[in-house]
Amino acid sequence: MRLSRYFLPVLKETPSEAQIVSHRYMLRAGMIKQQSAGIYSWLPLGFKVLRKIENIVHEEQMRAGHIPMQMPTIQSADLWRESGRYDGYGEEMLRMQDRHGRDMLFSPTAEEMVTDIFRAHVNSYKDLPLTLYQIQWKFRDEIRPRFGVMRGREFYMKDGYNFDLTKEDALHAYNRHLVSYLRTYERMGLQAIPMRADSGPIGGDYTHEFLVLAETGESEVFYDSEVTDLTFGDRDIDFDNVAQCQGVMDEFTSRYARTDETHDAAEFDKVPEDRRRVARGIEVGQIFYFGTTYSDKLGATVVDKDQKQVPVHMGSHGIGVSRLLGAIIEASHDDKGIIWPEGVTPFHCGIVNLKQGDDEADAACEALYEQLTNAGLEPLYDDRNERAGGKFATMDLIGLPWRITVGPRGLKNGVVELTSRRTGESEELTPEAAIAKVMAIFKPHHVRGL
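In this report, the structure presented in the accompanying data block is examined.

## Points about the overall build of the protein chain
For step 1, the next point in the chain: Per the secondary structure count, the protein chain includes 13 helices and 23 strands.
For step 2, the next point in the chain: Relative to its length of 450 residues, the protein chain is compact, with a C-alpha radius of gyration of 24 Å against a globular reference of 22 Å.
For step 3, the next point in the chain: In the protein chain, buried positions account for 53% of the 450 residues.
For step 4, the next point in the chain: Long-range pairs, those at least 24 residues apart, make up 71% of the contacts in the protein chain between residues at least 6 apart in sequence.

The structure is reproduced here in structure tokens:
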């Protein structure tokens, strides 16, 4: 993409309403525009990153054997009355009536609807296990929406629902989700720590939140510092292998890590004193097992091997896709702007022409742009007739992880400058070597279809 043809309304000044880093930089980098309290338009740069995050979530869900679908955002209140949650959910639920006076609501979650779909089409244990998921806009009428996409009213979310014959099968689904979430977050350059949590209005006895440590986190967290040493890496996981998934679950949850809601001071005191940490965290996902809570109320049953009608065991599993974008910025930035991890960057690298209109510099930039594009990568070429300082400031603000700088002086020596946004380190390379290095860096991400 040529920057002269792109819609990137960057701001030089920080809007007064932006209180945290991610909100400031998303507004300044032209990623979002507020339309009303807690509701945003996603402008091209923000939308591009949102899609990158969504693609990773889809890929890891399907890798784990989960099946994508789409449910409506507007639901009938009748299903929620069946489950008993319509009156109890609270004022966060946006309620409305259609022209015929029927009570409707804007979906904050979809346990009732997916259970209704299941009970209409599945009646035998032979069709289990089954996990369905969607990525969809949700709405919760927050009393005080703030912090940009971190606590908005409208948000983009992956919500998945497993149906299993027994509790043991459902707990395997729980562990399978934990494993898939760990893979998902690491691909985005995040370390998200699973922490025992409160189930809230979803219900259930088993639940873990995934939190990214950040100063602006809404939750206070208490943890053993050893949990931050754990990485998933490139493990080859068989998601049907119960023992393997349980092993990962045990590894990542055996050390103390709790939100303030479930913190146990006596248990925390058992952690060696030099490893006790108190920080703040941003919730980016949560998994639940709630047994037969919804299947009992909504009549979701199957015939088992003994020809008995039994309720299915269920769980639900959410990832805040739009919230993740803010969390990544909170975890990866400096005083100049965003620093995108390679897995979610909107463009793979920037090309800065230091002397627009110079025949040799223009030709070199065009060649770099064409070769990177032909290799399947997406460069952002700043071809504007602007001063070099302004071009560098824009690139630093929007946070592309790599920048190739082209100028007449370097070209006389046959080199361009390749700069890492994260470290600030630069090296002079031939244009061919710079292209080869960028391609090598992004090949793993590109092969996965990002």
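Next comes the rest of the account.
## Here we look at the pattern of salt bridges
For step 1, the next point in the chain: Considering all chains together, one arrives at 28 salt bridges under this definition.
For step 2, the next point in the chain: Salt-bridge contacts for Arg 187 lead to Glu 59; the nearest nitrogen and oxygen are separated by 2.8 Å. With a gap of 128 residues between them, Arg 187 in helix α5 (residues 167–187) and Glu 59 in helix α2 (residues 44–63) connect regions that are remote in the sequence.
For step 3, the next point in the chain: For Arg 187, a relative accessible area of 9% puts it in the buried group.

## Thoughts on the side chain of Glu 142
For step 1, the next point in the chain: Following the sequence through the fold, Glu 142 ends up in the loop between β7 (130–139) and β8 (154–164).
For step 2, the next point in the chain: With relative accessibility at 17%, the residue Glu 142 sits in the buried group.
For step 3, the next point in the chain: Glu 142 has contacts with Glu 92, Arg 151, Gly 152 and Arg 153, leaving out every residue within four places of it along the chain.

## Overview of the sheet that holds strand β21 (residues 402–406)
For step 1, the next point in the chain: The strand order across the open sheet built from five strands is β20-β19-β21-β22-β23, with neighbouring strands paired in mixed fashion. The open sheet terminates on both sides in strands that have one partner only, identified here as β20 (379–382) and β23 (426–429). Averaged over all neighbouring strand pairs, the angle between strand axes comes to 20°, with direction disregarded.
For step 2, the next point in the chain: Strand direction decides the pairing type here: β21 and strand β22 (residues 416–420), joined by four bridges, are antiparallel.

## Notes on unusual backbone geometry
For step 1, the next point in the chain: Omega for the peptide link from Leu 128 to Pro 129 comes to 0°, which places this bond in the cis form.
For step 2, the next point in the chain: Note on placement: Pro 129 falls in the loop between α4 (111–121) and β7.
For step 3, the next point in the chain: In the Ramachandran plot, Phe 147 falls in the positive-phi region, its phi being about 65° despite a non-glycine side chain.
For step 4, the next point in the chain: In this fold, Phe 147 is placed in the loop between β7 and β8.
For step 5, the next point in the chain: Of note, Gln 307 is a non-glycine position whose phi angle comes to about 65°, a positive value.
For step 6, the next point in the chain: Look at Gln 307 and you get exposed, because its relative accessible area is 62%.

## Some remarks on the environment of Met 188
For step 1, the next point in the chain: Mapped onto the fold, Met 188 is located in the loop between α5 and β9 (192–196).
For step 2, the next point in the chain: Taking the C-alpha atoms as reference, Met 188 lies 23 Å from Ile 435; in sequence the two are 247 residues apart.
For step 3, the next point in the chain: If sequence neighbours within four positions are ignored, Met 188 has contacts with Ile 53, Ile 56, Val 57, Leu 324, Ile 328, Pro 341 and Val 344.

## Regarding the pairing of strand β5 (residues 94–97)
For step 1, the next point in the chain: Where β5 lies against strand β6 (residues 103–106), four bridges are found, and the strand directions are antiparallel. Paired with Leu 94 across the two strands is Phe 106, which belongs to β6.
For step 2, the next point in the chain: Between β5 and β6, which follow one another and run antiparallel, lie five residues, and Gly 101 among them has a positive phi close to 80°.

## Thoughts on the environment of Asp 169
For step 1, the next point in the chain: Tracing the sequence through the fold places Asp 169 in helix α5.
For step 2, the next point in the chain: Overall, the relative accessible area of 36% leaves Asp 169 in the partly exposed class.
For step 3, the next point in the chain: Residues Asp 169 and His 313, spaced 144 residues apart in sequence, show a C-alpha to C-alpha distance of 8.2 Å.

## What about the packing of helix α1 (residues 21–28) against helix α9 (residues 321–331)?
For step 1, the next point in the chain: Viewed as axis vectors pointing N to C, α1 and α9 meet at an angle of 105°, and their least axial separation amounts to 8 Å. Here α9 runs roughly perpendicular to α1, going by the angle between their axes. Residue-level contacts link Val 21, Ser 22, Tyr 25 and Met 26 of α1 to Leu 325, Gly 326, Ile 329 and Glu 330 of α9.
For step 2, the next point in the chain: Tallied by class, residues from the contact of α1 with α9 come to five nonpolar, two polar and one charged.

## Let's talk about the sheet that holds β5
For step 1, the next point in the chain: The strand order across the open sheet formed by three strands is β4-β6-β5, and the pairing between neighbours is antiparallel. The open sheet is flanked by β4 (74–76) and β5, the only strands paired with a single partner. The sheet shows a mean angle of 35° between the axes of neighbouring strands, taken without regard to direction.

## Some remarks on the layout of surface pockets
For step 1, the next point in the chain: In this model, the largest pocket occupies a volume close to 990 Å³.
For step 2, the next point in the chain: Looking at the largest pocket, it is lined by 41 residues, and the ones nearest its centre are Arg 140, Glu 209, Glu 283, Gln 286 and Arg 323.
For step 3, the next point in the chain: Within the residue set of the lining of the largest pocket, elements represented by two or more residues are β8, β13 (276–291), β16 (313–320) and α9.
For step 4, the next point in the chain: Examining the composition of the lining of the largest pocket, we find that seven residues originate from one element, β8, more than from any other.
For step 5, the next point in the chain: Here the lining of the largest pocket is composed, by residue class, of twelve nonpolar, 15 polar and 14 charged.

Criteria and thresholds
- Residues numbered from 1 in each chain as written.
- Predicted model: local features only at pLDDT ≥ 70, side-chain atom pairs only at ≥ 80, totals over all residues.
- Heavy atoms only, no water.
- Helix = DSSP H or I, 4+ residues; strand = E, 2+ residues; numbered from the N terminus.
- Rg over C-alpha atoms; globule rule 2.2 N^0.38 Å.
- Buried < 20%, exposed > 50% of the residue type's maximum accessible area, 1.4 Å probe, protein only.
- Contact = heavy atoms within 4.5 Å.
- Salt bridge = Lys/Arg side-chain N within 4 Å of Asp/Glu carboxyl O.
- Pairing = 2+ DSSP bridges.
- Axes fitted to C-alpha atoms, helices over the stretch in contact; angles between N-to-C directions.
- Parallel < 35°, antiparallel > 145°, perpendicular 65-115°, else oblique.
- Nonpolar A, V, L, I, M, F, W, Y, C, P; charged D, E, K, R; others polar.
- 1 Å grid on protein atoms, 1.4 Å probe; cavity = no way out; pocket = protein on both sides within 12 Å on 5 of 7 lines; lining within 4 Å.
- Points joined across faces, edges and corners; volume = space filled by probe spheres on them.

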